[in-house]
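A closer look at the structure
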Amino acid sequence: MASDPRVDGPAMQRIAAHIADVGGIPVRRALPTRERRMVGAWCFLDHAGPVDYPAGGGVRVGPHPHTGLQTFTWMIEGEILHSDSLGNRQWIRPGQVNVMTAGHGISHAEESPGDRAGRNQLVQLWIALPDAERERAPMFQHCPELPHIERDGFDITLLVGDWLGATSPAQVFSPLLGADLRANAAAATTLPLRSGFEHAVVCLEGEIRVEGEALVPGTLLYLGTGREGVRIETDVAARLLLVGGEPFGEDVLLWWNFVARTADEMAQATNDWNHGERFGEVRGTRLPRLVAPDVAGLHLRSQSPDQGAST
Ligand code: MN
């Protein structure tokens, strides 16, 4: 599988997200794309909604497995119940993060409250686990509160990493940054970056300028490495997501809900899930268990940015 082009130094690459549907909600999938598969260890980035849904609607993703990654959910509007094969049942609400470390294998379901209409907006990311960690035991972390930083008219929530004097409680296994920045009106700031990280920005709401480059929802702006800072401006109320990390340095394979290194590993994971092995059982949901698709076309499909992931 092709890996991302090596970038030494700053870049300014606009990458169009593509539209997908995950469990009934439209999403803009900014990673992976044909142009770029990863930013640091971040290997998947879906911006879901904002969307108003009727009673019985919203997110309805039945039990499905993961391996080799962490799922990272940043909830902006609405609430979703997470249930997993370790026995966790956890509501996630605005301003909160769920981090599920799949390691060798875990399964989970995600669903909106079924009895009333609602509204959802969230960002669902995956973090590839480095080789030394990817077979670790699964675990789940709920982060009900995250550090907030006020800066030049931006309300910054630190999702992952050490930045601006704050530390996120989210546990990850490679050097990473993740931050949500929200402005209620015109604002401008220059934020420090680690020059050894690569970074990217996605506009979630409104319109922003990053190093003078205009950005609206639907485009990922890849900034490359070697930057000591980044200028972010807006003339209107806006929200954006900044992600970064050390260039990952390992070629990873994404397919369906799995992250691995080889097609054989994918075939094994698919077989294990479809035979009820390895990934445990999710209790307490009435949603149907998802079936892993046929792995036979993996080599062809792995070239496509749409992996059919159920997140
Ligand atoms: Mn999932």
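Residues numbered from 1 in each chain as written. Predicted model: local features only at pLDDT ≥ 70, side-chain atom pairs only at ≥ 80, totals over all residues. Heavy atoms only, no water.

**What about the sheet that holds strand E22 (residues 219-224)?**
Strands sit in the order E1-E22-E19-E24-E17-E14-E13 across an open sheet of seven strands; the sheet is antiparallel. Looking at which strands have only one partner, the edges of the open sheet turn out to be strand E1 (10-16) and strand E13 (148-151). For this sheet the average axis-to-axis angle between neighbouring strands, irrespective of direction, equals 20°. Where strand E19 (residues 198-205) lies against strand E24 (residues 238-245), seven bridges are found, and the strand directions are antiparallel. From the neighbouring strand, cysteine 203 faces E24, where its bridge partner is leucine 240. (Pairing = 2+ DSSP bridges. Helix = DSSP H or I, 4+ residues; strand = E, 2+ residues; numbered from the N terminus. Axes fitted to C-alpha atoms, helices over the stretch in contact; angles between N-to-C directions.)

**Side note on the nonpolar core**
Formed by 40 residues in total, the largest nonpolar core has its most connected members in Trp42, Leu45, Phe72 and Leu220. It is strand E11 (residues 118-128) that provides the largest number of residues to this core, a total of five residues. Those residues in contact with tryptophan 42 that sit more than four places away from it in its chain are Leu31, Arg37, Phe72, Leu125, Trp126, Ile127, Val160, Leu176, Leu177, Gly178, Val243 and Gly244. Residues Ile156, Ala179, Leu181 and Ala238 belong to the second largest nonpolar core, which totals 26 residues. (Core = buried A, V, L, I, M, F, W, Y, C linked by side-chain atoms within 4.5 Å. Buried < 20%, exposed > 50% of the residue type's maximum accessible area, 1.4 Å probe, protein only. Contact = heavy atoms within 4.5 Å.)

**Describing helix H1 (residues 263-274)**
Here H1 contains 12 residues, and its C-alpha end-to-end distance of 16 Å stays within 8% of the 16 Å for a straight helix at 1.5 Å per residue. For H1, the complete set of buried residues consists of Met266, Ala269, Thr270, Asp272 and Trp273. Projected onto a plane normal to the axis of H1, the buried residues spread over an arc of 165° and lie on a single side. With its phi angle positive at about 75°, glycine 276 sits one or two positions after the end of H1. (Expected span 1.5 Å × (residues − 1). Arc of directions from axis to C-beta.)

**Concerning the sheet that holds strand E21 (residues 213-215)**
Paired through their backbone hydrogen bonds, the strands of a sheet run either parallel or antiparallel. Across the sheet, which stays open at both edges, the four strands sit in the order E18-E23-E20-E21 with antiparallel pairing between neighbours. The open sheet terminates on both sides in strands that have one partner only, identified here as strand E18 (187-192) and E21. Taken over all neighbouring pairs, the strand axes of this sheet differ in orientation by 25° on average, direction set aside. Sheet topology note: the strand E20 (residues 208-210)/E21 ladder contains three bridges and is antiparallel.

**What to know about the packing of aromatic side chains**
Evaluated as defined, the whole model comprises six aromatic pairs. On the numbers, 4.2 Å between centres and 15° between planes, the contact of phenylalanine 44 with tryptophan 126 is stacked. One end of the pair, phenylalanine 44, is in strand E4 (residues 42-53); the other, tryptophan 126, is in strand E11, and 82 residues separate them in sequence. Each member of the pair, phenylalanine 44 together with tryptophan 126, is buried. Here the aromatic residues Trp255, Trp256, Phe258, Trp273 and Phe279 are joined through ring pairs into a cluster of three or more. The side chain of arginine 36 reaches across the aromatic face of tyrosine 222, ending 3.7 Å from its centre. (Phe/Tyr/Trp six-rings, centres within 6.5 Å; stacked < 30°, edge-to-face > 60°. Lys NZ or Arg CZ within 6 Å of the ring centre and 35° of its normal.)

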